[in-house]
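So you can see what is in the structure, the chains are spelled out below.
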Amino acid sequence: MEAVIVAGGLGSRLLPLTERRPKHVLPVGGVPFLAHQLVKLAHSGVDTVVLATSYHAEAFQPVLGDGSRYGVRLSYVREPEPLGTGGAIRHVATALRSGPDEPLLVLNGDQLSGHDLVAQVDRLEQTDADVVLHLVRVADPRAYGCVPTDANGVVLDFAEKSARPASDQVNAGCYVFRRRVVDTIPGGEVVSVERETFPALLLGGYRVVGHLDDAYWRDVGTPQSLVDASGDLVLGVAPSAAMPPIDGVALVQDGARVEGEVRGGTVVGPGAAVGAGARVDRCVLMPGSIVGSGALLDRCVLGPGAVVGTGARLDRVVVGDDAVVAAGWTATGQHVACASRVG
């Protein structure tokens, strides 16, 4: 079985962390984010994955290689220009080998999910569907694509980010297409699969079915969702076979040095350091970053090489690559640009 991961987005909500790399290779739970998706696909019977790339496309292969360490054959298709989610799926069609009626898995490259992928694939045949969408229930569906279904799970509508949602069921960013349906997407054009493709399929009489699964799911599109996803993985709240063994409430990776206290699912990346008397709670410290002695960090992200000075107090602060936070600086909810100095 084949799969496509759409990974061309700019990751603008994750700036400055995405200034120098695509969001899909940021470390989450101590491994590149896409590792969680690749291992899940491999465990679900997928042997071939095509990565649809655009922004910082050159950065993927040095991190992910040929996919063999994750149990799949991984290839890369770069868009000549950003084509949107639907355009990206259509653009990789020539790299696929699946027959017209065979299932093709398509994943947005920023979703962390514990749902039953095999059950979603099986639902394609069980319901004689053309497309099966993974759906989840959320308390406030206004920020998502709202997907009401009938009693049999057949999709009735697809309203992207509606102010008055008709249902609490939302699009979770994982789809099973019959391969031939991908060819209905216009080629070489900017197309949104959410705003254009799915509504067009419904109008065209295609059978689109929802697969409702309320297992762990998170859209990892902001610094705080990245922090939460990473912490959930370390603490075992979010399932992923890509996680290394963890003993305790933090993950301290090879070459890291911790003299202070780390907790709450914090990840201390390779070569990173936490000074004496510092307390770091539910944070992501990327490789080579430094937290000075006596500093207090809560739900923060430090990019590679970032330095937080002695006694600083940071709450939900994102510090870009090689940036320096002065000793004693206090901040809440701020973003510090790469290679800058603040405080």
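You'll find the structure just up there.
Residues numbered from 1 in each chain as written. Predicted model: local features only at pLDDT ≥ 70, side-chain atom pairs only at ≥ 80, totals over all residues. Heavy atoms only, no water.

Colleague: Looking at this structure, how should I read the overall build of the protein chain?
Modeller: Along its length, the protein chain carries seven helices and 30 strands. For the protein chain, whose C-alpha radius of gyration is 21 Å, the value lies close to the compact-globule estimate of 20 Å for 343 residues. Oriented by its inertia axes, the alpha-carbon framework of the protein chain measures out at about 65 × 40 × 35 Å. Residues classed as buried in the protein chain amount to 56% of the 343 residues present. (Helix = DSSP H or I, 4+ residues; strand = E, 2+ residues; numbered from the N terminus. Rg over C-alpha atoms; globule rule 2.2 N^0.38 Å. Buried < 20%, exposed > 50% of the residue type's maximum accessible area, 1.4 Å probe, protein only.)

Colleague: Which parts of the structure should I look at to understand the pattern of salt bridges?
Modeller: In a structure, side chains of opposite charge can pair up when their charged atoms sit close to one another. All chains considered together, the criterion is met by 21 salt bridges. Residue Arg180 pairs with Asp101 through a salt bridge whose shortest N-O separation is 2.7 Å. Linking Arg180 in helix H5 (residues 179–182) with Asp101 in the loop between helix H3 (84–91) and strand E6 (103–108), this pair joins segments that are 79 residues apart in sequence. Judged by relative accessible area, Arg180 falls into the partly exposed class, the value being 33%. A residue is classified by how much of its surface remains accessible, and Asp101, at 44% relative accessible area, is partly exposed. Between Glu125 and Arg178 there is a salt bridge, with its nearest N and O atoms 3.0 Å apart. One end of the pair, Glu125, is in helix H4 (residues 117–126); the other, Arg178, is in strand E11 (residues 169–178), and 53 residues separate them in sequence. With relative accessibility at 52%, the residue Glu125 sits in the exposed group. The network of salt bridges with shared partners includes Arg218, Asp228, Asp232, Arg282 and Arg299. (Salt bridge = Lys/Arg side-chain N within 4 Å of Asp/Glu carboxyl O.)

Colleague: When you look at H4 in this model, what are you seeing that I'm missing?
Modeller: An α-helix turns once per 3.6 residues; consequently, residues spaced three or four apart project the same way. Listed in full, the buried residues belonging to H4 are Leu117, Gln120, Val121, Arg123 and Leu124. Buried residues of H4, seen end-on, are gathered within an arc of 150 degrees and therefore sit on one face of the element. More than 90 degrees from the buried face of H4, the exposed residues found are Glu125 and Gln126. Where H4 is buried, its residues meet helix H1 (33–43), E6, strand E8 (131–137), E11 and strand E12 (208–212). Directly after H4, the chain includes Asp128, whose backbone phi takes a positive value near 55 degrees. (Arc of directions from axis to C-beta. Contact = heavy atoms within 4.5 Å.)

Colleague: How should the packing of aromatic side chains be read in this particular structure?
Modeller: Aromatic rings considered in pairs are described by the distance between their centres and by the relative angle of their planes. Throughout the structure, instances matching the rule amount to five aromatic pairs. On the numbers, 4.9 Å between centres and 70 degrees between planes, the contact of Tyr175 with Phe198 is edge-to-face. Residue Tyr175 is located in strand E11, and its partner Phe198 is located in helix H6 (residues 193–203); the two are separated by 23 residues in the primary sequence. Linked through ring pairs, Phe158, Tyr175, Phe177 and Phe198 together constitute an aromatic cluster. (Phe/Tyr/Trp six-rings, centres within 6.5 Å; stacked < 30°, edge-to-face > 60°.)

Colleague: Explain empty space enclosed by the protein to me, please; I cannot follow it from the model alone.
Modeller: Space left empty within the atom packing is revealed by a probe, the size of a water molecule, rolled over the atoms. In this structure the tally under the stated criterion is one cavity of 30 Å³ or more. In this structure, the largest cavity encloses a volume near 50 Å³. Lining the largest cavity, in full, are Leu14, Lys23, His24, Leu26, Val28, Phe33, Gly109, Asp110, Val220 and Leu226. Taken together, the residues of the lining of the largest cavity break down into six nonpolar, two polar and two charged. (1 Å grid on protein atoms, 1.4 Å probe; cavity = no way out; pocket = protein on both sides within 12 Å on 5 of 7 lines; lining within 4 Å. Points joined across faces, edges and corners; volume = space filled by probe spheres on them. Nonpolar A, V, L, I, M, F, W, Y, C, P; charged D, E, K, R; others polar.)

Colleague: Looking at this model, I keep getting lost on the layout of surface pockets. Mind explaining?
Modeller: Approximately 910 Å³ is the volume attributed to the largest pocket. The wall of the largest pocket is formed by 38 residues, among which Lys23, Thr85, Asn108, Asp110 and Glu194 lie closest to the centre. Of all the secondary structure elements, the ones that give two or more residues to the lining of the largest pocket are strand E1 (2–7), H3, E11, H6 and strand E13 (217–219). If one sorts the elements of the lining of the largest pocket by residue count, E11 sits on top with four residues.

Colleague: When you look at the sheet that holds strand E21 (residues 290–291) in this model, what are you seeing that I'm missing?
Modeller: Remark on secondary structure: sheet strands pair via backbone hydrogen bonds, oriented parallel or antiparallel. Spatially, the six strands line up as an open sheet ordered E15-E18-E21-E24-E27-E30, and their pairing is parallel. Since the sheet does not close on itself, it has two edges, and those belong to strand E15 (257–258) and strand E30 (341–342), each with one partner. Bridge count between E15 and strand E18 (residues 273–274): two bridges; the pairing is parallel. Its bridge partner being in E18, Arg257 is matched across the sheet by Ala273. (Pairing = 2+ DSSP bridges.)

Colleague: What's the story with unusual backbone geometry in this structure? I'm lost.
Modeller: The phi angle of most residues is negative, glycine excepted, and most peptide bonds adopt the trans form. Cis geometry is found at the peptide bond from Leu15 to Pro16, where omega equals 5 degrees. Mapped onto the secondary structure, Pro16 falls in the loop between E1 and strand E2 (27–28). The residue Asp128 is not glycine, and still its phi comes out positive at about 55 degrees. Secondary-structure assignment places Asp128 in the loop between H4 and E8. A residue is classified by how much of its surface remains accessible, and Asp128, at 56% relative accessible area, is exposed. Notably, Arg299 is not glycine yet its phi reads approximately 55 degrees, a positive angle. By the secondary structure assignment, Arg299 is in the loop between strand E22 (296–298) and strand E23 (301–302). Overall, Arg299 belongs to the partly exposed group, its relative accessible area being 24%.

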